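Observations on the three-dimensional arrangement
Now for the letters of each chain:
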Amino acid sequence: MPATTKGLKLVDILTTIVISVVFGIIYKIWGPLYYSVKPLGFHIDQLIYGMWFIAASVAYLLIRKPGVALLAEIAASSGEFIMGSEWGLEVLIYGVVQGLLAEVVFAAFRYKRFDALVVSLGAIGATIGSLVMDFYKGYIEALAPWNLALFLIARFIGAIVISGIFAASLVKALEKTGVAQMLRPASKDDYDALDR
């Protein structure tokens, strides 16, 4: 079911920011977890990197309007920055780029599909944004080709699992509890769309 109006209302913006603040806190907590699994090797850290894209997916699935994915990632990265992100101001740039590329994917579907496939593709878009930033910052260009391939595969898988499949499952669970009723009434079509 498409959104009833295209523009964001104040309630949409405030809800997106609240969602993003929650994920900003999670992002801040996620940093030490990310670093704790890094020494295990095999780019296991990249399997959990997808958490940093989830605000866009959840906000998009709940609000279902243009611009919320970008707003969600900007707000979540701002929250993470305000709480003392170990990456400093650079976290804001990552948030903009990741949110923008997720938004491009949702726009490609004309903001009419709200399922796990579309948010998984949005997570892939956000992943591409993160990789562009990583290459620009010089974080991964020195990896050997086999190591780079492992790195990329792990990051894409993590993004799809966390910000695609898990995000869709989380929103579906929220809708079943009725929490999302203030945003929009959930219909059977909404539940079916999340199962695709």
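In what follows, the structure referred to is the one given above.
Residues numbered from 1 in each chain as written. Predicted model: local features only at pLDDT ≥ 70, side-chain atom pairs only at ≥ 80, totals over all residues. Heavy atoms only, no water.

1. Description of helix α7 (residues 145-177)
Between the first and last C-alpha of α7 there are 46 Å, a value that for 33 residues agrees with the 48 Å anticipated at 1.5 Å per step. At phenylalanine 166, α7 is deflected by roughly 30 degrees, the largest bend along its length. At the exit of α7 stands glycine 178, carrying a positive phi of roughly 90 degrees. (Helix = DSSP H or I, 4+ residues; strand = E, 2+ residues; numbered from the N terminus. Expected span 1.5 Å × (residues − 1). Bend = angle between axes of the 7 residues up to and from the residue.)

2. Looking at the environment of leucine 40
Inspection of the secondary structure assignment puts leucine 40 in the loop between α1 (10-37) and α2 (44-47). Sequence spacing of leucine 40 and leucine 131 is 91 residues, and the spatial spacing of their C-alpha atoms is 21 Å.

3. Description of the packing of aromatic side chains
Using the criterion set out here, one finds 8 aromatic pairs in the structure. Taking 5.3 Å as the distance between ring centres and 80 degrees as the angle between the ring planes, the aromatic pair formed by tyrosine 34 and tryptophan 52 counts as edge-to-face. Of this pair, tyrosine 34 sits in helix α1 while tryptophan 52 sits in the loop between α2 and α3 (54-63), and the two are 18 residues apart along the sequence. Neither tyrosine 34 nor tryptophan 52 differs from the other in exposure class; each is buried. (Phe/Tyr/Trp six-rings, centres within 6.5 Å; stacked < 30°, edge-to-face > 60°. Buried < 20%, exposed > 50% of the residue type's maximum accessible area, 1.4 Å probe, protein only.)

4. Description of the environment of serine 169
By secondary structure assignment, the location of serine 169 is in helix α7. When the C-alpha atoms of serine 169 and valine 58 are compared, they prove to be 9.7 Å apart, with 111 residues separating the residues in sequence.

5. Concerning the side chain of glutamate 73
Counting through the fold element by element, glutamate 73 comes out in helix α4 (residues 68-82). Buried glutamate 73, no salt bridge; nearest opposite-charge side chain is arginine 155, N-O distance 12 Å. Excluding residues within four positions of it along the chain, glutamate 73 makes contact with Tyr27, Trp52, Phe53, Ile54, Ala55, Ala56, Gly95, Gln98 and Gly99. (Lys, Arg positive; Asp, Glu negative; His and termini not counted. Salt bridge = Lys/Arg side-chain N within 4 Å of Asp/Glu carboxyl O. Contact = heavy atoms within 4.5 Å.)

6. Quick word on α1
Taking 1.5 Å per residue, 28 residues should reach 40 Å; α1 reaches 40 Å between its end C-alpha atoms and fits that length. Remark: the principal bend of α1, roughly 30 degrees, maps to tryptophan 30, with a proline, proline 32, within the next four residues. Residues Asp12, Thr15, Thr16, Ile19, Ser20, Phe23, Gly24, Tyr27, Trp30, Gly31, Tyr34 and Val37 constitute the buried set of α1. Summarising the contacts, the buried residues of α1 are in contact with α2, α3, α4 and α7.

7. Observations concerning the pattern of salt bridges
Taken as a whole and assessed by the stated rule, the structure comprises 5 salt bridges. Across the pair aspartate 115 and arginine 113 runs a salt bridge, and its minimum N-O distance is 2.8 Å. In this structure aspartate 115 comes out as buried when scored by relative accessible area, which is 0%. We classify arginine 113 as partly exposed; its relative accessible area is 25%. Aspartate 134 is the partner of arginine 155 in a salt bridge, and the nearest nitrogen-oxygen pair spans 2.7 Å. In this pair, arginine 155 sits in helix α7 while aspartate 134 sits in helix α6 (residues 116-137), placing the two residues 21 residues apart along the sequence. Under the relative-accessibility criterion, arginine 155 is labelled buried at 1%.

8. Examining the packing of α1 against α4
Taken N-terminus to C-terminus, the directions of α1 and α4 make an angle of 45 degrees; their axes are 7 Å apart at the nearest point. Comparing their axes, α4 and α1 come out oblique. The way α1 lies across α4 gives a crossing that is right-handed. Contacts from Ile13, Thr16, Ile17, Ser20, Gly24, Tyr27 and Lys28 in α1 reach Val68, Leu71, Ala72, Glu73, Ala75, Ala76 and Glu80 in α4. Among the residues forming the contact of α1 with α4, the class breakdown is 8 nonpolar, 3 polar and 3 charged. (Axes fitted to C-alpha atoms, helices over the stretch in contact; angles between N-to-C directions. Parallel < 35°, antiparallel > 145°, perpendicular 65-115°, else oblique. Left-handed = near helix turned anticlockwise from the far one by under 90°. Nonpolar A, V, L, I, M, F, W, Y, C, P; charged D, E, K, R; others polar.)

9. Considering the nonpolar core
Grouped together as the largest cluster of nonpolar side chains are 42 residues, with contacts concentrated most on Phe23, Tyr27, Ile54, Val58, Tyr60, Leu61 and Phe106. Mapped by element, the contributors of at least two residues to this core are α1, α3, α4, α5 (90-108), α6 and α7. The leading source of residues in this core is α3, at 9 residues. Valine 58 has contacts with Ile19, Phe23, Ala167, Leu170 and Val171, leaving out every residue within four places of it along the chain. (Core = buried A, V, L, I, M, F, W, Y, C linked by side-chain atoms within 4.5 Å.)

So, to be careful, I would describe these as geometric facts and stop short of saying anything about function.
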